[in-house]
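Chain residues, written in single-letter form:
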Amino acid sequence: MKRTTGHLLLIVLATAFLCPECFGSTHITIKSACEHDYPPFSMVNSNGHPEGFSKELFEAAVETMDFQVSFTTGPWAEIKQMLIEGQLDALPLVARTPEREPFFDFTFPYLTLHAAIVTRDDVTGIESLEDLVGRTVVVMKADNVEEFLSRSKLADQLSIKTTETYLDALKEVSKGTYDAVVIPRLIGLRLIKLSGLGNLKVGEKPVEGFLQEFCFAVPEGKTRHLELLNEGLSIVV
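Residues numbered from 1 in each chain as written. Predicted model: local features only at pLDDT ≥ 70, side-chain atom pairs only at ≥ 80, totals over all residues. Heavy atoms only, no water.

If you tally the helices and strands in the protein, you get seven helices and 13 strands. A buried classification covers 46% of the 237 residues belonging to the protein. In the protein, of all internal contacts separated by at least 6 residues, the share reaching a separation of at least 24 is 72%. Total accessible area on the protein stands at roughly 11800 Å², and carbon and sulfur atoms take up 52% of it. (Helix = DSSP H or I, 4+ residues; strand = E, 2+ residues; numbered from the N terminus. Buried < 20%, exposed > 50% of the residue type's maximum accessible area, 1.4 Å probe, protein only. Contact = heavy atoms within 4.5 Å. Areas by Shrake-Rupley, 256 points an atom, 1.4 Å probe, with all protein chains shown as cover.)

The following block contains the structure:
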């Protein structure tokens, strides 16, 4: 009888976690955030409200598990640091990289992107990272492209600058401040179209060695949140 009671208790506790409304927990809110200018996955509209595919996917995953979610907004470097410090419970759009493993736990990936090099139309001879040696490259601050370039074999031969957003980076290349942007290709195409920066071109070749797998991420050690998001994401997908 004792063993049966113990088994029943375990089942009830597991049910309480996966079904929070059973114990009056429907008001539990997951604190998250959206970064600026990362269309179509994460951005802020003209009214200052967060939107985008990853935001909506995250909402669906959380709500499937009968929790609620609230979003703040900010530059990527800022909200990334907020997640590290535990001010946020999770983020919807985080690429898994070696540099981030000590700080975050990740769900299974739901999106994979390649990177491309963006230059002005009048620039020739830039098709690969090797062609950027001796030139000034700009990326978004704290983005995984910056991490990738910093650990690459060409790191010491590249002049790497950063901006708060990729839109800012593209504008600086358009003005001639920097020579090129290394950016996820889909993001670059989308931002150029939305911003009307007509003097830029996106390279056709993917950047060799770069592969961006996007996941939901929680602060390292937040196992219960990770299980919740993995299950919700699995159901939604």
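Read on for the rest.
With that settled, the discussion passes to the packing of aromatic side chains. In this structure the tally under the stated criterion is 10 aromatic pairs. A centroid spacing of 6.1 Å and a plane angle of 85° characterise the contact between Tyr-38 and Phe-214, whose relative ring orientation is edge-to-face. Of the two residues, Tyr-38 is situated in the loop between β1 (29-35) and β2 (43-44) and Phe-214 in strand β13 (residues 212-219); the sequence distance between them amounts to 176 residues. Of the two residues examined, Tyr-38 and Phe-214, each falls in the buried class. Through a chain of ring-to-ring contacts, the aromatic side chains of Tyr-38, Phe-41, Phe-53, Phe-58, Phe-71, Tyr-110, Tyr-166, Phe-214 and Phe-216 assemble into a single cluster. (Phe/Tyr/Trp six-rings, centres within 6.5 Å; stacked < 30°, edge-to-face > 60°.)

Once that is clear, we can look at the pairing of strand β9 (residues 136-140). Most of β9 is tucked away, with five of its five residues classed as buried. The two faces of β9 match: Thr-136, Val-138 and Met-140 on one face and Val-137 and Val-139 on the other face are all buried. Note that β9 and strand β10 (residues 159-163) share five bridges and pair parallel. Along β10, the bridge assignment pairs Thr-136 with Ser-159. In terms of handedness, the path from β9 via helix α4 (residues 144-151) over to β10 forms a crossover that is right-handed. (Pairing = 2+ DSSP bridges. Right-handed = clockwise from strand over helix to strand, strands pointing away.)

This next bit is on the sheet that holds β9. Pairing in this open sheet of five strands is mixed, and the strands run β10-β9-β11-β8-β12 from one edge to the other. Since the sheet does not close on itself, it has two edges, and those belong to β10 and β12 (200-202), each with one partner. Neighbour-to-neighbour, the strand axes of this sheet turn through a mean angle of 30°, independent of strand direction. Pairing of strand β8 (residues 115-120) with strand β11 (residues 180-184), which is carried by four bridges, proceeds in the antiparallel orientation. (Axes fitted to C-alpha atoms, helices over the stretch in contact; angles between N-to-C directions.)

Scanning all chains against the criterion turns up nine salt bridges. A salt bridge links Glu-147 to Lys-80; the shortest N-O distance between them is 3.2 Å. In this pair, Glu-147 sits in helix α4 while Lys-80 sits in helix α3 (residues 76-84), placing the two residues 67 residues apart along the sequence. Both residues of the pair, Glu-147 and Lys-80, count as buried. Of the charged contacts in the structure, one is a salt bridge between Arg-96 and Glu-101, with a shortest N-O distance of 2.7 Å. Of the residues examined, Arg-96 reaches a relative accessible area of 42% and is grouped as partly exposed. With relative accessibility at 34%, the residue Glu-101 sits in the partly exposed group. The network of salt bridges with shared partners includes Lys-80, Arg-100 and Glu-147. (Salt bridge = Lys/Arg side-chain N within 4 Å of Asp/Glu carboxyl O.)

Here we take up α4. For α4, the complete set of buried residues consists of Asn-144, Val-145, Glu-147, Phe-148 and Leu-149. Capping the start of α4, Asp-143 holds a side-chain oxygen 3.1 Å from the backbone nitrogen of Val-145, two or three residues further along. (Polar contact = N/O pair within 3.5 Å; in protein donor to acceptor, adjacent residues only side chain to side chain.)

A few words on the pairing of β11. Among the five residues of β11, five are classified as buried, and the element is accordingly described as predominantly covered. As defined by bridge partners, β9 adjoins β11 across two bridges and the pair is classed as parallel. Of the residues in β11, the one forming a bridge with Val-137 is Ala-180.

Read these as layout, nothing more, since geometry by itself doesn't imply function.
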